[in-house]
Amino acid sequence: YIVRHGETLSNNHNRLQGHLPGKLTDKGRKQSEALARYLKDIHFDAIVSSDLTRARQAALEISRFHSCAPEYTAQCRERCYGDFEGSNRTDFFAQERSRDNYHAIRPKNGESLSDVFARVSHFFQDLRRRFPGKRVLIVSHGDFVRIAIGVLLNKTVIETVELAKTTSLHNA
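Residues numbered from 1 in each chain as written. Predicted model: local features only at pLDDT ≥ 70, side-chain atom pairs only at ≥ 80, totals over all residues. Heavy atoms only, no water.

All right, on to the overall build of the protein then. Looking only at helices and strands, one finds 7 helices and 4 strands in the protein. For the protein, the succession of helices and strands along the chain, N to C, is β-α-α-β-α-β-α-α-β-α-α. In terms of overall dimensions, the protein is globule-like: its C-alpha atoms have a radius of gyration of 16 Å, near the 16 Å expected for 172 residues. Considered along the principal axes of its C-alpha atoms, the protein spans approximately 45 × 35 × 25 Å. By residue count, 49% of the 172 residues in the protein fall in the buried class. (Helix = DSSP H or I, 4+ residues; strand = E, 2+ residues; numbered from the N terminus. Rg over C-alpha atoms; globule rule 2.2 N^0.38 Å. Buried < 20%, exposed > 50% of the residue type's maximum accessible area, 1.4 Å probe, protein only.)

Right, let's get into the pairing of strand β3 (residues 70-73). Where a strand is regular, its side chains alternate between the two sheet faces. Alignment of strand β2 (residues 46-50) against β3, held across 4 bridges, turns out to be parallel. Residue pairing across strands places I47 opposite P70, the latter belonging to β3. For the crossover that starts at β2, traverses helix α3 (residues 53-63) and ends in the parallel β3, the hand is right-handed. (Pairing = 2+ DSSP bridges. Right-handed = clockwise from strand over helix to strand, strands pointing away.)

What follows deals with the pattern of salt bridges. Two side chains of opposite charge can pair, provided their charged atoms sit close to one another. All told, the structure shown has 11 salt bridges when counted by the stated rule. Here R106 and D115 are joined by a salt bridge, their closest N and O atoms 2.6 Å apart. On the basis of relative accessible area, R106 is assigned to the exposed category, the value being 53%. (Salt bridge = Lys/Arg side-chain N within 4 Å of Asp/Glu carboxyl O.)

Per the counting criterion, the structure on display carries 8 aromatic pairs. Look at F92 and F93: their rings are 5.4 Å apart centre to centre, the planes differ by 75 degrees, and that puts the pair in the edge-to-face class. We classify F92 as buried; its relative accessible area is 6%. Feature note: the residues Y81, F84, F92 and F93 constitute an aromatic cluster, connected by ring pairs. For R56, the ring lying beneath its charged end belongs to Y72, and the centroid distance is 3.8 Å. (Phe/Tyr/Trp six-rings, centres within 6.5 Å; stacked < 30°, edge-to-face > 60°. Lys NZ or Arg CZ within 6 Å of the ring centre and 35° of its normal.)

The next thing to look at is the packing of helix α2 (residues 26-39) against α3. Where α2 meets α3, the closest approach of the two axes is 8 Å, and the angle between their N-to-C directions is 40 degrees. One way to sum up the angle between α2 and α3 is to call them oblique. Of the two elements, α2 crosses α3, and the hand of that crossing is right-handed. Of α3, the residues touching α2 (which contributes S32, E33, L35, A36 and L39) are A58, E61 and I62. Its residues placed into classes, the contact of α2 with α3 shows 5 nonpolar, 1 polar and 2 charged. (Axes fitted to C-alpha atoms, helices over the stretch in contact; angles between N-to-C directions. Parallel < 35°, antiparallel > 145°, perpendicular 65-115°, else oblique. Left-handed = near helix turned anticlockwise from the far one by under 90°. Contact = heavy atoms within 4.5 Å. Nonpolar A, V, L, I, M, F, W, Y, C, P; charged D, E, K, R; others polar.)

Let us look at the packing of helix α5 (residues 113-130) against helix α6 (residues 142-152). When two helices pack together, their arrangement is given by the angle between the helix axes and by the axis-to-axis distance. At a closest axis distance of 9 Å, the pairing of α5 and α6 adopts a crossing angle of 65 degrees. Taken together, the axes of α5 and α6 are roughly perpendicular relative to one another. Seen from above, α5 lies across α6 with right-handed handedness. In this structure, α5 uses L113, V116, F117, R119, V120, S121, F123, F124 and R128 to contact α6, whose residues at the interface are F144, I147, A148, V151 and L152. By residue class, the composition of the contact of α5 with α6 is 11 nonpolar, 1 polar and 2 charged.

Shown next as structure tokens:
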């Protein structure tokens, strides 16, 4: 199971959060509570979450109904947008996606989509090794989830980027 945290103030203001901590809005907390209730009857052997505040808040809410405490890791973080964190999402993506091979271009002090693809791939290899045959809930972020779908479907990074363009995610 892979879920995304709830709404944040930066989401509402169309801002890139990346590795900024971000906090859930009241609506985001209610979304996390609703998700926790939805998942309460599903057994999880582990809950693994991004270590960023907005995902931690969601993971803690979900864990109230489960016997395992969340484990936090930087491997589940959102893409790092480097110097562009806090900037307008629409402007950033319009500029980034107008370039050839944009999946391989790193924003200054940030990660390319290829970097995130590699990180997510390593995360799932590690997860399979650590929790063989176990049911794990992953609490993360939009780009992580979109790229995870491609990784789990054995897509290439380019196929994953194309798939991600058509994959809509809603707040928890």
